[in-house]
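Here is how the chains run, residue by residue.
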Protein chains: 2
Amino acid sequence: MQEPGLIQIQQIVQFVLEIDKLKGVLRKVKPVGEDRYENTAEHSWQIAVFALSLARTLELSVDPERVVAMLLVHDIGEIDAGDKFVFAQDGWEERKAAELRAVERIFSFAPETLAGFLLDMWKEFDAGETQNARFAKAIDRSMPVLLNLSNGGGSWLENRVTYERVCARVGPEIEAGCPELWKYVERQLERARQKGFFAETQG
Amino acid sequence: MQEPGLIQIQQIVQFVLEIDKLKGVLRKVKPVGEDRYENTAEHSWQIAVFALSLARTLELSVDPERVVAMLLVHDIGEIDAGDKFVFAQDGWEERKAAELRAVERIFSFAPETLAGFLLDMWKEFDAGETQNARFAKAIDRSMPVLLNLSNGGGSWLENRVTYERVCARVGPEIEAGCPELWKYVERQLERARQKGFFAETQG
């Protein structure tokens with residue numbers, strides 16, 4: 001019979017090794033100047049640092065610990081469900097159900113109390129109803145925009161996405177979670193439009 | 001003249017785009033079952049989740065927010081200095097100085113107060129004197145061990161590292177930061193030794 005602490009550690013190790021698979025899930029944007037698509041694990045790291053940085057600097061009324069925890073786990077469902085391009089037009093309901101099934105499976109590797117906490121974080125982010133979740137979503141939505149702006153249009157040109165579609169898709173969520181950030185991003189998008197970083201017609 | 005909030009956001013965006021380069025820094029271990037080396041950005045994500053999970057479950061007297069912040073930034077110096085194999089025998093003093101120069105350069109993209117906070121996190125981790133830093137180091141040291149254990153020996157066999165060298169190098173730091181975790185890892189290392197996961201003689 002093992003000690004309780006050791007059993008819990010073993011469960012956490014199994015969980016942490018299961019989520020290792022997120023390193024193999026590819027997204028649609030590329031790291032700046034690299035000729036490969038970024039994976040969801042490294043994306044999750046970058047937005048956690050971004051959120052922590054903005055929350056501390058702007059002294060927003062958000063809980064950085066909770067926001068970071070949400071961002072670290074919010075994409076884990078992609079291990080089973082894959083990445084879905086943010087500009088896809090439909091299939092979002094089925095997608096949400098598939099991601100929920102995935103995180104329920106994956107979090108169940110962890111000890112029960114931890115699994116409950118992780119699922120709470122995932123659901124809070126997904127629902128987007130709290131200020132913490134809205135801020136986390138604003139960060140998650142803006143990061144690929146910032147990467148595409150640094151990559152001459154990146155996935156917008158590759159996938160024929162227009163300026164209007166980008167603004168309509170990411171604008172409301174960024175603005176709702178962090179109006180100051182949207183003010184900045186909006187100006188950059190306008191400049192990028194003048195430089196031809198978008199498709200002329202939606203693909 | 002721009003508003004102060006916008007200037008700070010611009011600085012944070014520059015910082016977050018500068019650290020994008022961490023996605024291109026390769027380490028010596030591979031993700032489970034993948035035929036490529038992991039990069040430091042995805043590693044940083046995984047240990048942040050690992051630390052959060054262990055800290056919450058074992059109810060350790062550590063501050064999860066601080067530990068996670070440390071782990072998210074502790075390797076950023078590798079952008080200039082590269083990854084150094086943990087089992088290298090010498091050059092650690094020069095290495096530490098190079099990493100400090102690197103983070104001073106990189107954090108200076110961020111607004112001053114944030115840069116100060118990030119440097120504090122980096123220095124606290126590096127010094128390893130607080131309980132939070134010791135716990136963070138234990139997590140950082142144990143993750144590649146867990147990956148190698150899942151990969152039939154991985155970087156230990158590739159780089160001719162013995163069982164004794166692994167225990168001597170990572171044991172004290174894991175035990176100092178999280179004795180329960182070392183108890184678990186120690187047993188797994190002993191089993192792995194019986195399976196031939198280590199070099200017979202040190203390379």
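For the structure, see preceding data.
In this report, the structure presented in the accompanying data block is examined. This is a predicted model, so every value here is computed, not measured.

**Section: the relation of the copies chain B and chain A**
And step 1. Mapping chain B onto chain A calls for a screw motion: a turn of 180 degrees about the axis and a shift of 0.0 Å along it, with 0.0 Å RMSD after fitting. When the rotation and shift are considered jointly, the pair of chain copies conforms to a two-fold rotation axis.
And step 2. Looking at chain B, 100% of its interface residues are interface residues in chain A too, so the copies touch through the same face.

**Structural notes on the nonpolar core**
And step 1. If you look at the biggest cluster of nonpolar residues, it comprises 146 residues, and the most contacted ones within it are Leu189 of chain A together with Leu189 of chain B.
And step 2. Discounting chain neighbours no more than four positions away, the residues touching leucine 189 of chain A are Val145, Leu149, Trp156, Tyr163, Val166, Cys167, Trp182 and Phe198 of chain A.

**Some thoughts on the interface of chain B and chain A**
And step 1. On the side of chain A, 55 residues touch chain B, which itself brings 55 residues to the contact.
And step 2. Where chain B abuts chain A, roughly 5000 Å² becomes buried across the two surfaces, and 70% of that area is made up of carbon and sulfur atoms.
And step 3. Its largest share of buried area at the contact with chain A, chain B owes to Lys23, Trp45 and Tyr184 of chain B, together 15% of the area lost on that side.
And step 4. The interface formed by chain B and chain A contains two salt bridges.
And step 5. Close ionic contact of glutamate 38 of chain B with lysine 23 of chain A constitutes a salt bridge, the shortest N to O distance being 2.8 Å.
And step 6. Among the elements that line the side of chain B that touches chain A, the one with the most residues is helix α2 (residues 40-58) of chain B, at 14 residues.
And step 7. Considering only residue class, the side of chain B that touches chain A consists of 32 nonpolar, 11 polar and 12 charged.

**Let's talk about the packing of aromatic side chains**
And step 1. Here the structure, examined in full by the defined rule, presents eight aromatic pairs over all chains.
And step 2. Taking 5.5 Å as the distance between ring centres and 80 degrees as the angle between the ring planes, the aromatic pair formed by tyrosine 163 of chain A and phenylalanine 198 of chain A counts as edge-to-face. Of this pair, tyrosine 163 of chain A sits in helix α9 (residues 163-177) while phenylalanine 198 of chain A sits in the segment after α10 (179-195); the two residues are 35 residues apart in sequence, bridging distant segments of the chain.
And step 3. Look at phenylalanine 198 of chain A and you get buried, because its relative accessible area is 8%.
And step 4. Judged by centre distance (4.7 Å) and plane angle (20 degrees), the ring pair of tryptophan 156 of chain B and phenylalanine 198 of chain B falls under stacked. Residue tryptophan 156 of chain B is located in helix α8 (residues 154-158), and its partner phenylalanine 198 of chain B is located in the segment after α10 (179-194); the two are separated by 42 residues in the primary sequence. Take tryptophan 156 of chain B and phenylalanine 198 of chain B: they sit in the same class, and that class is buried.
And step 5. Above the plane of the ring of tyrosine 37 of chain A lies lysine 30 of chain A, whose end atom (NZ or CZ) is 5.0 Å from the centre.
And step 6. Residue placement shows lysine 137 of chain A over the ring face of phenylalanine 125 of chain A; its charged tip is 4.6 Å from the ring centre.

**Some remarks on the state of the cysteines**
And step 1. Enumeration according to the criterion identifies zero disulfides over all chains in this entry.
And step 2. With no disulfide of its own, cysteine 178 of chain A lies 17 Å from the sulfur of cysteine 167 of chain A, the closest cysteine sulfur.

**Examining the packing of helix α5 (residues 92-107) of chain B against helix α6 (residues 112-127) of chain B**
All names here are of chain B.
And step 1. Close contact between α5 and α6 brings their axes to 10 Å; oriented N to C, the two are set at 160 degrees. The angle between the axes of α5 and α6 places the two elements in the roughly antiparallel class. The crossing of α5 and α6 is right-handed. Mapping the contact onto sequence places Lys96, Glu99, Leu100, Val103, Glu104 and Phe107 in α5 and Ala115, Leu118, Leu119, Trp122, Lys123 and Asp126 in α6.

**Regarding the environment of glycine 33 of chain A**
Residues and elements named next belong to chain A.
And step 1. Counting through the fold element by element, glycine 33 comes out in the loop between α1 (4-18) and α2 (40-58).
And step 2. Glycine 33 sits in the exposed class, given a relative accessible area of 70%.
And step 3. Separated by 49 residues in the primary sequence, glycine 33 and glycine 82 have C-alpha atoms spaced 24 Å apart.

**Some words on α5 of chain B**
Working note: α-helix, 3.6 residues per turn, so residues spaced by three or four point in the same direction.
Residues and elements named next belong to chain B.
And step 1. Between its first and last C-alpha atoms α5 spans 22 Å; for 16 residues at 1.5 Å apiece the expected length is 22 Å, and the two agree.
And step 2. Within α5, the full set of buried residues consists of Arg95, Glu99, Ala102, Val103, Ile106 and Phe107. For α5, the arc enclosing every buried residue in end-on projection is 115 degrees, short of the 170-degree limit, so these residues lie on one face. The outward face of α5, more than 90 degrees from its buried face, is lined by the exposed residues Glu93, Glu94 and Arg101.

**A look at the pattern of salt bridges**
And step 1. Under the counting rule described, the total for this entry stands at 34 salt bridges over all chains.
And step 2. In this structure, arginine 27 of chain A engages glutamate 38 of chain A in a salt bridge whose closest nitrogen and oxygen atoms are separated by 2.7 Å. One end of the pair, arginine 27 of chain A, is in the loop between α1 and α2; the other, glutamate 38 of chain A, is in the loop between α1 and α2, and 11 residues separate them in sequence.
And step 3. Judged by its relative accessible area of 0%, glutamate 38 of chain A falls in the buried class.
And step 4. Here glutamate 42 of chain B and arginine 36 of chain B are joined by a salt bridge, their closest N and O atoms 2.8 Å apart.
And step 5. Here glutamate 42 of chain B falls in the buried class, since its relative accessible area comes to 0%.
And step 6. Look at arginine 36 of chain B and you get partly exposed, because its relative accessible area is 26%.
And step 7. Salt bridges here are not isolated pairs; linked through shared partners, they connect Glu18, Lys21, Asp80 and Arg105 of chain A.

The rules behind these values
- Residues numbered from 1 in each chain as written.
- Chains lettered and ligands numbered in written order.
- Predicted model: local features only at pLDDT ≥ 70, side-chain atom pairs only at ≥ 80, totals over all residues.
- Heavy atoms only, no water.
- Least-squares fit on C-alpha atoms with pLDDT ≥ 70 in both.
- Contact = heavy atoms within 4.5 Å.
- Core = buried A, V, L, I, M, F, W, Y, C linked by side-chain atoms within 4.5 Å.
- Buried < 20%, exposed > 50% of the residue type's maximum accessible area, 1.4 Å probe, protein only.
- Buried area = accessible area lost by both parts, 1.4 Å probe.
- Salt bridge = Lys/Arg side-chain N within 4 Å of Asp/Glu carboxyl O.
- Helix = DSSP H or I, 4+ residues; strand = E, 2+ residues; numbered from the N terminus.
- Nonpolar A, V, L, I, M, F, W, Y, C, P; charged D, E, K, R; others polar.
- Phe/Tyr/Trp six-rings, centres within 6.5 Å; stacked < 30°, edge-to-face > 60°.
- Lys NZ or Arg CZ within 6 Å of the ring centre and 35° of its normal.
- Disulfide = S-S within 2.5 Å.
- Axes fitted to C-alpha atoms, helices over the stretch in contact; angles between N-to-C directions.
- Parallel < 35°, antiparallel > 145°, perpendicular 65-115°, else oblique.
- Left-handed = near helix turned anticlockwise from the far one by under 90°.
- Expected span 1.5 Å × (residues − 1).
- Arc of directions from axis to C-beta.

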